[in-house]
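Structure assessment
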Amino acid sequence: MSESTIILGIESSCDDTSAAVIKGNTILSNIAASQAIHNEYGGVVPELASRAHQQNIIPTVQKSLLQANIQQNAISAIGFTRGPGLLGSLLVGTSFAKSLAMSLNVPLIEVNHLQAHILAHFIDDANSVPPKFPFLCLTVSGGHTMIVLVKDYFKMQILGKTIDDAAGEAFDKIGKLLELDYPAGPIVDRLGQLGNEDAFVFSKPKVPDYDYSFSGIKTSVLYFVQKKLKDNPDFIEQNLNDLCASVQKTIVDTLMVKLEKAALDYGINEIAIAGGVSANSALRKAMGENAKFKGWNVYIPKFEYTTDNAAMIAMVAQLKYERGEFAPLTISASARYDIEQDFDS
Ligand code: KG4
Ligand code: ZN
């Protein structure tokens, strides 16, 4: 990797506007502007997200360059998230990246957001040692839940994925019915650490192979809580920590069962997690236990590289820069960009 290559990465796939500068393999800055506006709606409102990206993108990029102490004319290339994500959000980052690349006369590099979540493990300070190929990566975010077999940097195969809600979506939707703010995932995590995870039992999904389903857990919690509220209107308030702990246990157990099955079936013990839900303390603990009792080599990203960030985009752009994989200035955003795009064997 060329030590002098400086890349600006831009991420705008959902509700975080982020910009990062990478030099060689070292992250010099990683700035994110999150959008509090969605909290009152209990979820991301696409139109509001793209408007907020438009307001945030210039100051975020400026801050990122300032923190990295880099002048615009020192930038070697611009990397940006092409997809998957919300189209209106992606368009803001894509058009900004295209215009900047054109005005600075530097190459443009398109990045798949999900590949970036996985490849964040290769950022210099992300792990003491990066995972070895082939490894399995449980990729869990607000929009995706999948077990990915990572054969090489850009050779990824989805072994299984959710057939309905994503794990992060389940945390957020169940949190909403427990009257928590959006995004509820981190709140369920925090409160759950104070509760008893065996206090309540919710039904677990039955789906074949390595696939997942989370909408049934949500319904199971909904019916249970509705029934309890009839007898006791303060049920949620009085049992919030236990409810959060039990919901978290159900979701994490569900995630781990399939990951353990895939590890066994494929004979792989290099196991990583990625995406926003990989910040979850119970999931991290479960991974640690498998490292201890099953001999897994476990890779858990640093907290700042779990939720959406531009450092991971800049990292992948570096890899593509080395390979000369540049995008034409006519490229457009792709809301349904497939992670298996470069999988050829
Ligand atoms: O990767 P990410 O930032 O955005 C997407 O690409 O979706 O993931 C956001 C998701 C949200 O659903 C959020 O509730 C969840 O990750 N999340 C968590 C935790 N931190 C973030 N879920 C459970 N526990 C956490 N600590
Ligand atoms: Zn993400």
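Preceding this section is the structure that the text describes.
My aim in this report is to walk through the structure given alongside it, one point at a time. (Residues numbered from 1 in each chain as written. Chains lettered and ligands numbered in written order. Predicted model: local features only at pLDDT ≥ 70, side-chain atom pairs only at ≥ 80, totals over all residues. Heavy atoms only, no water.)

**Focus: the packing of aromatic side chains**
Here is the rule: Only rings of Phe, Tyr and Trp enter the pairing, Trp through its six-membered ring, and a pair is recorded when the two centres are within 6.5 Å. The plane angle decides the type: under 30 degrees is stacked, over 60 is edge-to-face, the rest tilted. Strands are runs of DSSP state E lasting at least two residues, helices are runs of H or I lasting at least four, and both sets are numbered from the N terminus onward. Note on exposure labels: buried denotes an accessible area under 20% of the residue type's maximum, exposed denotes more than 50%, and partly exposed covers the range between, all computed with a 1.4 Å probe on protein chains only.
By the definition in use, this model includes twelve aromatic pairs. Centre to centre, the rings of phenylalanine 122 and phenylalanine 133 are 5.5 Å apart; their planes meet at 20 degrees, and the pair counts as stacked. Taken as a pair, phenylalanine 122 in the loop between α3 (113-119) and β6 (135-140) and phenylalanine 133 in the loop between α3 and β6 lie far apart in primary sequence, eleven residues in all. For phenylalanine 133, a relative accessible area of 29% puts it in the partly exposed group.

**Focus: the sheet that holds strand β2 (residues 16-23)**
We apply this condition: If DSSP finds at least two bridges between two strands, the strands pair. To obtain each axis, a line is fitted to C-alpha atoms, and for helices this fit is confined to the stretch in contact; angles are then taken between N-to-C directions over 0 to 180 degrees. We call two residues in contact whenever any of their non-hydrogen atoms come within 4.5 Å of each other.
With mixed pairing, the five strands of this open sheet are ordered in space as β3-β2-β1-β4-β5. Strand pairing shows two members of the sheet lacking a second neighbour, β3 (26-34) and β5 (108-112), which therefore form its edges. Along the sheet, successive strands turn relative to each other by an average axial angle of 20 degrees, direction set aside. In terms of strand pairing, strand β1 (residues 6-11) meets strand β4 (residues 77-83) through four bridges, oriented parallel. Residue pairing in the sheet places isoleucine 7 in a bridge with alanine 77 of β4. Sheet strands touched by helix α2 (residues 87-104): β1, β4 and β5. Its angle to β4, the strand with the most contacts, is close to 160 degrees. Relative to β1, helix α9 (residues 310-323) is tilted by about 130 degrees, and along the sheet it contacts β1, β2, β3, β4 and β5.

**Brief notes about the packing of helix α5 (residues 185-192) against helix α7 (residues 235-266)**
Stated precisely, the cut-off is as follows: If an angle is under 35 degrees, it is roughly parallel; if it is over 145, roughly antiparallel; if it lies from 65 to 115, roughly perpendicular; otherwise it is oblique. Here a crossing is taken to be left-handed if its near helix is turned anticlockwise relative to the far helix by less than a right angle, and right-handed if that turn runs clockwise. Under the convention adopted here, Pro, Cys and the residues Ala, Val, Leu, Ile, Met, Phe, Trp and Tyr are nonpolar, Asp, Glu, Lys and Arg are charged, and Gly plus all remaining residues are polar.
Viewed as axis vectors pointing N to C, α5 and α7 meet at an angle of 115 degrees, and their least axial separation amounts to 7 Å. Accordingly, the angle class assigned to the pair α5 and α7 is roughly perpendicular. Once α5 is placed against α7, the crossing between them reads as left-handed. Every residue of α7 that contacts α5 at Val188, Asp189, Leu191 and Gly192 is listed here: Leu240, Asn241, Cys244, Ala245 and Gln248. A per-class count over the contact of α5 with α7 returns five nonpolar, three polar and one charged.

**Quick look at the side chain of threonine 306**
Heads up, the condition is: By the criterion applied in these results, polar contacts are pairs of N or O atoms within 3.5 Å in which, for protein atoms, one can donate a hydrogen and the other can accept it, and in which residues neighboring in sequence qualify only through two side-chain atoms.
By the element assignment, threonine 306 lies in the loop between β10 (297-299) and α9. With relative accessibility at 0%, the residue threonine 306 sits in the buried group. Engagement of the side chain of threonine 306 in a polar contact is seen with the backbone oxygen of phenylalanine 303, the distance being 2.6 Å. Dropping the residues within four chain positions of it, threonine 306 is found in contact with His117, Gly275, Gly276, Ser278, Ala279, Arg284 and Pro301.

**Details of the coordination of the zinc ion (ligand 2)**
Our working definition: Coordinating donors are taken as N, O and S atoms within 2.8 Å of the metal, stretched to 3.2 Å for Na, K and Ca; because water is absent from the atoms, sites can appear incomplete.
All of the protein donors around the zinc ion (ligand 2) are His113 (NE2), His117 (NE2) and Asp308 (OD); their distances to the metal are 2.1 to 2.2 Å. Mapping the donors of the zinc ion (ligand 2) onto the primary sequence yields the spacing H-x3-H-x190-D. Here histidine 113 and its partner histidine 117 are both found in helix α3, four residues apart, which amounts to about one turn of the helix. A single burial state applies to histidine 113 and to histidine 117, both of which are buried.

**Focus on the site of ligand 1**
Keep this limit in mind: Throughout this document, a residue counts as near a molecule or strand when at least one of its heavy atoms sits within 4 Å of that molecule or strand. Accessibility throughout is a Shrake-Rupley quantity obtained with a 1.4 Å probe, and a residue counts as covered only by protein chains that appear here. Each domain's extent is set by a domain assignment, obtained either automatically or from a database.
Ligand 1 sits among 19 residues. The nearest are Gly142, Asp172, Asp189, Asn280 and Asp308. One nitrogen or oxygen atom from the side chain of histidine 117 is found 3.3 Å from an oxygen atom belonging to ligand 1. For ligand 1, a nitrogen atom lies 2.9 Å from a polar atom in the side chain of aspartate 189. Protein chains bury 89% of the 550 Å² of accessible surface belonging to ligand 1 in isolation. Taken together, the residues that form the shell around ligand 1 break down as five nonpolar, eleven polar and three charged. Each of domain 1 (6-120 + 305-342) and domain 2 (129-300) accounts for three or more of the residues forming the shell around ligand 1.

**Overview of the environment of tyrosine 305**
Summarising the element assignment, tyrosine 305 is placed in the loop between β10 and α9. We classify tyrosine 305 as buried; its relative accessible area is 3%. Through-space distance from the C-alpha of tyrosine 305 to that of alanine 274 is 8.4 Å; in sequence the pair is 31 residues apart. Setting aside its immediate chain neighbours within four residues, tyrosine 305 contacts Ile27, Asn30, Ala120, Ile123, Asp125, Ala126 and Ala311. Among the polar contacts listed, one links the side chain of tyrosine 305 to the side chain of aspartate 125, at a separation of 2.9 Å.

**Re the pairing of β5**
Condition: Seen with its strands pointing away from the viewer, a crossover is right-handed if its path from the first strand over the helix to the second goes clockwise.
Within β5, five of the five residues are buried, which leaves it mostly tucked inside the rest of the structure. Where burial is concerned, the two faces of β5 agree: the one with Leu108, Glu110 and Asn112 and the one with Ile109 and Val111 are both buried. In terms of strand pairing, β4 meets β5 through five bridges, oriented parallel. Note that in β5 the partner of threonine 81 across the bridge is valine 111. Tracing the backbone out of β4, into α2 and back to the parallel element β5 gives a crossover that is right-handed.

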